[in-house]
Amino acid sequence: MIARHAPLTIALALLGAAACVPSVQAASPDVLWTPLDPKSMPGVFYDSASIARVTEKPMVMTVTVAWFYAQHRVSETTGQIYGSVAQPITLNCSADTYTVTETRHYAGNDATGALVESIPVAGIHNAPVARDPVQRKLRAVVCPAPGKNARK
């Protein structure tokens, strides 16, 4: 019984270890992966270097969020192996909504390496932030508090 559960235990240990790292510098110097919430969302990171203001009124910001997997996954579309997923997110801070247009699967474990595939995302246009815990946390990190300047 122990041997059967060993891969799960190892995967959880690796995921937990990755979550304890304050930030992960990807191969590109323009990407700085920062844990979104290591305790409640291990393996979920955002690229603090990608935070950008699109418009001020309404306040719209962009950021890239990624999921780093302890074990590689296989693409249902291409059959290729990938180790991480990244999504460019557009947050309408004024309206508390978000939009996702694509999901990118990368060969590397930290959204680096070859791009395995880029899949269009349907139905996530002006979706309420309140319905998604990742988006709620991103909004708190990326969007300025009322009367404050946008974070960079």
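Right above here is the structure, for reference.
Not measured: the values here are computed from a predicted model.

*Asks:* Where do I start with the pattern of salt bridges in this structure?
*Replies:* With the rule as written, the count across this model stands at 4 salt bridges. Of the charged contacts in the structure, one is a salt bridge between D96 and R139, with a shortest N-O distance of 2.3 Å. Taken as a pair, D96 in the loop between β5 (81–92) and β6 (97–100) and R139 in helix α2 (residues 133–142) lie far apart in primary sequence, 43 residues in all. In this structure D96 comes out as partly exposed when scored by relative accessible area, which is 36%.

*Asks:* What exactly am I supposed to notice about the nonpolar core here?
*Replies:* Side chains of nonpolar character tend, in soluble globular proteins, to be buried together. Residues L36, V63, I89, L91, L138 and V142 are the most contacted members of the largest nonpolar core, which totals 21 residues. Among the secondary structure elements, those contributing two or more residues to this core are β3 (41–55), β4 (60–74), β5, β6 and α2. Listed in part, the 8 residues of the second largest apolar core include F45, F68, Y106 and A111.

*Asks:* Please clarify how unusual backbone geometry should be interpreted in this entry.
*Replies:* Residue P58 is bonded to the preceding K57 through a cis peptide linkage, with omega at 0 degrees. Summarising the element assignment, P58 is placed in the loop between β3 and β4. Despite not being glycine, N126 has its phi angle at roughly 55 degrees, a positive value. With respect to the helices and strands, N126 occurs in the loop between β8 (115–120) and β9 (127–128).

*Asks:* What am I meant to see in the pairing of β6 here?
*Replies:* Side-chain positions along a regular strand alternate between the two faces of the sheet. Because side chains alternate across β6, one face comprises the buried residues T97 and T99, and the other comprises Y98 and V100, equally buried. In this structure, β5 lies alongside β6, joined through 4 bridges in antiparallel fashion. Opposite N92, over in β6, you have T97 as the bridge partner. In textbook terms, the turn of a hairpin is the stretch between consecutive antiparallel strands, and for β5 and β6 this stretch comprises 4 residues, one of which, D96, has a positive phi near 55 degrees. With 2 bridges joining them, β6 and β9 adopt antiparallel strand pairing.

Procedures and definitions
- Residues numbered from 1 in each chain as written.
- Predicted model: local features only at pLDDT ≥ 70, side-chain atom pairs only at ≥ 80, totals over all residues.
- Heavy atoms only, no water.
- Salt bridge = Lys/Arg side-chain N within 4 Å of Asp/Glu carboxyl O.
- Helix = DSSP H or I, 4+ residues; strand = E, 2+ residues; numbered from the N terminus.
- Buried < 20%, exposed > 50% of the residue type's maximum accessible area, 1.4 Å probe, protein only.
- Core = buried A, V, L, I, M, F, W, Y, C linked by side-chain atoms within 4.5 Å.
- Pairing = 2+ DSSP bridges.

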